[in-house]
Amino acid sequence: MTVILHGQGELSVNGVSQRIHSGNAYVIGSYIPHYLKNTQGLELVNILFRTEDLLRFSGSLKNQIGFQSLFMLPANAEGGSFGHILTLNYQDHEQITQLVHTILAEVKTREPGNEVLVQACFMILVTTFSRLYALHLFMSQRKRTKPHRLFIRQNSHSPHLYV
């Protein structure tokens, strides 16, 4: 799991390049060839995890489409495609950045209980990314379907509702 804190660049995965910038986050399986190029002021945090540990602590989240899409499906399967870059709004980016900084501080200080806080913050990240990606998928699907238009037409007798 990678979170772009500042800057920009290009992420190349399986020979396909995409622009990345502050406020982006993505998940790539460790065995999928990928690299960064043309970076400018890029500051990122790469959080490594084992899928089996993630599944053990994900509860009902593992059944959700956002979780499946980001953490279990083609972008993370050998030879799979890649297209799962989340673009966070300002508020989400600030929340994610705070969680990342908490994880980094806990790893650095190694105070008693730090592993509990690191795991809790990590699972909040996973949950937040899963929900945001599910919302992204929902909004993308809505754009592809014909929107319903709702309007009211009034005549002298009574208003009529048309969908």
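Data block above holds the structure.
The structure displayed is predicted, hence computed values, not measured ones. Once a new chain begins, its residue numbering starts again from 1 and follows that chain's sequence as written. Local features in this predicted model are restricted to residues of pLDDT 70 or higher, and side-chain atom pairs are both shown and tallied only at a pLDDT of 80 or more, whereas totals for entire chains, interfaces and linings draw on every residue. Hydrogens are left out, water is left out, and the side-chain values use all remaining heavy atoms of the structure.

(A) The packing of aromatic side chains, seen in detail. For Phe, Tyr and Trp, rings pair up if their centres lie within 6.5 Å, where Trp contributes its six-membered ring, and each pair is then called stacked (planes under 30 degrees apart), edge-to-face (over 60) or tilted (otherwise). Applying the stated criterion across every chain yields a total of three aromatic pairs. Taking the centre distance of 5.4 Å and the plane angle of 45 degrees together, the rings of Phe49 and Phe122 count as tilted. Remark: Phe122 occurs in helix 4 (residues 114-144) and Phe49 occurs in the loop between strand 4 (34-46) and helix 1 (51-57); sequence separation between them is 73 residues. Three exposure classes are used, based on accessible area relative to the maximum for each residue type with a 1.4 Å probe and protein chains only: buried under 20%, partly exposed in between, and exposed over 50%. With a relative accessible area of 26%, Phe49 lands in the partly exposed category. Classification of Phe122 as buried rests on a relative accessible area of 11%. Measuring from centroid to centroid gives 5.3 Å for Phe67 and Phe71, while their planes differ by 35 degrees, and the two rings are tilted. By the criteria applied, helices consist of DSSP H or I runs no shorter than four residues and strands consist of E runs no shorter than two, each listed in order from the N terminus.

(B) Representation of helix 2 (residues 65-72) within the structure. Inspection of helix 2 places Gly66, Phe67, Ser69, Leu70 and Phe71 among the buried residues, and these make up the whole buried set. Buried positions in helix 2, seen along its axis, are confined to an arc of 170 degrees and lie on one side of it. Regarding the arc, it is the one traced by the directions from the helix axis to the C-beta atoms.

(C) Just the pattern of salt bridges, in detail. Any carboxyl oxygen of Asp or Glu that lies within 4 Å of a side-chain nitrogen of Lys or Arg is treated as forming a salt bridge with it. Counted under the stated rule, the structure contains four salt bridges. In this structure, the salt-bridge partner of Glu10 is Arg19, at a minimum N-O distance of 3.9 Å. When its relative accessible area of 18% is taken as the criterion, Glu10 is described as buried. One salt-bridge network, held together by shared partners, links Arg50, Glu52, Asp53 and Arg56.

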